[in-house]
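Listed below are the residues making up each chain.
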Amino acid sequence: MTPKKLSLAVQRPANRAVDKAGDVISLAWIDYTSEQYQHAYKTISDRRSFHTYPLNTFQANLRQRIAKLWLSKNEYFISQRLKRIVSIIAKLKRYPTSKLARMQDIWWIRAVLPNMDSLTLLKESYIKQKPSKLYTLIRTKDYIANPKDSWYRSIHLIFEYHKSQAAGLHFEFQIRTLIQHARATAVETIGTFIWSSLKSNQWPDAWLEYFKYVSVWFSYLEWTKINGNFLDQSPKEVVRQIKERGTRLDVEQKIQWFSAVIKHIDNSIKPQSWTEPFFLIVLRTK
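The structure contained in this document is the topic of the report that follows. Quick caveat, the model's predicted, so the values are computed rather than measured.

Interaxial distance between helix 1 (residues 15-25) and helix 2 (residues 35-49) falls to 9 Å at its minimum, and their mutual angle equals 130 degrees. By the angle class used here, helix 1 and helix 2 are oblique. Viewed along their axes, helix 1 and helix 2 form a crossing whose handedness is left-handed. Contacts between helix 1 and helix 2 pair Asn15, Ala17, Val18, Ala21, Gly22, Val24 and Ile25 from the former with Gln36, Tyr37, Ala40, Tyr41, Thr43, Ile44 and Arg47 from the latter. Among the residues forming the contact of helix 1 with helix 2, the class breakdown is nine nonpolar, four polar and one charged.

In structure tokens, the structure reads:
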């Protein structure tokens, strides 16, 4: 499928205007109905829309590369997502000196592969590729060899696009194995329901530590590097910690509850019938 060409109907906001919009929209006291907020929101939305064409062209090339790995269609999946305004605001507040125009993960694309072998081959294909007229790899973040403090594990490749009005925009390509993705998805699911952000280290220590141990155990399963405070802990000790902490937090039961809620929403609510922008979920766990 040929990607749609970049629409010229919207003028790309200047970096200075984007940074100003980011400063406005992250203000704690801002009135969401004010003209100032609405203008900032539109500026950010216009900026984000210019990532569509670069990512569509990137995704077409990505599928060709994965085809060369001899993977069947049910062994991998590709997704891309626009960063929510609430996530942008939270990130700006966590890093007050950061500027929105330089934020690299406003819109990202992700490939989830079956194992570390396929992940490594795909990563190397981008790192060793010849210069492209469309985009250039400008930074590599290996969170598998060097996990974040939360023990989040993935490969992040930052690209700069060169063509048309999207020239100069940065976007992020994430590569994960299925087991790394399972852990990250569990983190986001539980965080959504208990109104916290584990990946931003805003959760209670008990939950943070539980998912750290899970990630360390997955590192053992995938034969990847173990570092930091876990170097002196055996695989047996890691498993013991997961079991004890999981029982204390009732992790398995909670995930079953949340899965039931999500399945109910998927089965009961059809997008074409939505007339309101919000839904209230009441979860009676008994």
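A separate point is helix 1. Those residues of helix 1 lying buried are Val18, Asp19, Ala21, Gly22, Val24 and Ile25. Elements that come into contact with the buried residues of helix 1 comprise helix 2 and helix 4 (85-94).

Moving on: the side chain of Gln180. Here Gln180 is to be found in helix 6 (residues 178-194). The class for Gln180 is buried, based on a relative accessible area of 3%. Residues in contact with Gln180, not counting those within four places in the same chain, are Met116, Leu119, Ile144, Arg153, Ser154, Ile175 and Glu222.

Let us look at the sheet that holds strand 3 (residues 135-142). Spatially, 1-2-5-4-3 is the arrangement adopted by the five strands of the open sheet, whose pairing is mixed. One side of each edge strand has no neighbouring strand; the edge strands of this open sheet are strand 1 (77-82) and strand 3. Within this sheet the neighbouring strands show an average axis-to-axis angle of 20 degrees, counted without direction. One ladder, built from six bridges, connects strand 2 (residues 107-113) with strand 5 (residues 170-177); its direction is parallel. In the strand pairing of strand 5, Trp108 is matched with Glu172.

For the structure shown, the criterion picks out 17 aromatic pairs. Ring centres of Tyr135 and Phe171 lie 6.4 Å apart, and the angle between their planes is 80 degrees; this geometry places the pair in the edge-to-face category. Of this pair, Tyr135 sits in strand 3 while Phe171 sits in strand 5, and the two are 36 residues apart along the sequence. In this pair, the class of Tyr135 matches that of Phe171, namely buried. Measuring from centroid to centroid gives 6.3 Å for Trp207 and Phe211, while their planes differ by 20 degrees, and the two rings are stacked. On the criterion of helical spacing, the pair formed by Trp207 and Phe211 is a turn pair, its members being four residues apart in helix 7 (residues 205-221).

For the rest of this paragraph, the subject is unusual backbone geometry. The backbone of Trp70 sits at a positive phi, close to 60 degrees, despite the residue not being glycine. Of note, Trp70 is situated in the loop between helix 3 (52-67) and strand 1. Under the relative-accessibility criterion, Trp70 is labelled exposed at 78%. Backbone geometry places Asp250, a non-glycine residue, at a positive phi of 55 degrees. Its location among the elements puts Asp250 in the loop between helix 8 (235-249) and helix 9 (251-268).

In a regular helix each residue adds 1.5 Å, so 17 residues correspond to 24 Å; helix 6 covers 24 Å between its end C-alpha atoms and thus fits that length. Listed in full, the buried residues belonging to helix 6 are Gln180, His181, Arg183, Ala184, Ala186, Val187, Ile190 and Gly191.

What follows concerns the packing of helix 7 against helix 8. Close contact between helix 7 and helix 8 brings their axes to 9 Å; oriented N to C, the two are set at 145 degrees. The handedness of the crossing between helix 7 and helix 8 is left-handed. Between helix 7, through Ala206, Trp207, Glu209, Tyr210, Tyr213, Val214, Val216, Trp217 and Tyr220, and helix 8, the contact on the second element is made entirely by Pro235, Val238, Val239, Gln241, Ile242, Arg245, Gly246 and Leu249. When grouped by side-chain class, the residues that make up the contact of helix 7 with helix 8 number 13 nonpolar, two polar and two charged.

Scoring rules and cut-offs
Residues numbered from 1 in each chain as written. Predicted model: local features only at pLDDT ≥ 70, side-chain atom pairs only at ≥ 80, totals over all residues. Heavy atoms only, no water. Axes fitted to C-alpha atoms, helices over the stretch in contact; angles between N-to-C directions. Helix = DSSP H or I, 4+ residues; strand = E, 2+ residues; numbered from the N terminus. Parallel < 35°, antiparallel > 145°, perpendicular 65-115°, else oblique. Left-handed = near helix turned anticlockwise from the far one by under 90°. Contact = heavy atoms within 4.5 Å. Nonpolar A, V, L, I, M, F, W, Y, C, P; charged D, E, K, R; others polar. Buried < 20%, exposed > 50% of the residue type's maximum accessible area, 1.4 Å probe, protein only. Pairing = 2+ DSSP bridges. Phe/Tyr/Trp six-rings, centres within 6.5 Å; stacked < 30°, edge-to-face > 60°. Expected span 1.5 Å × (residues − 1).

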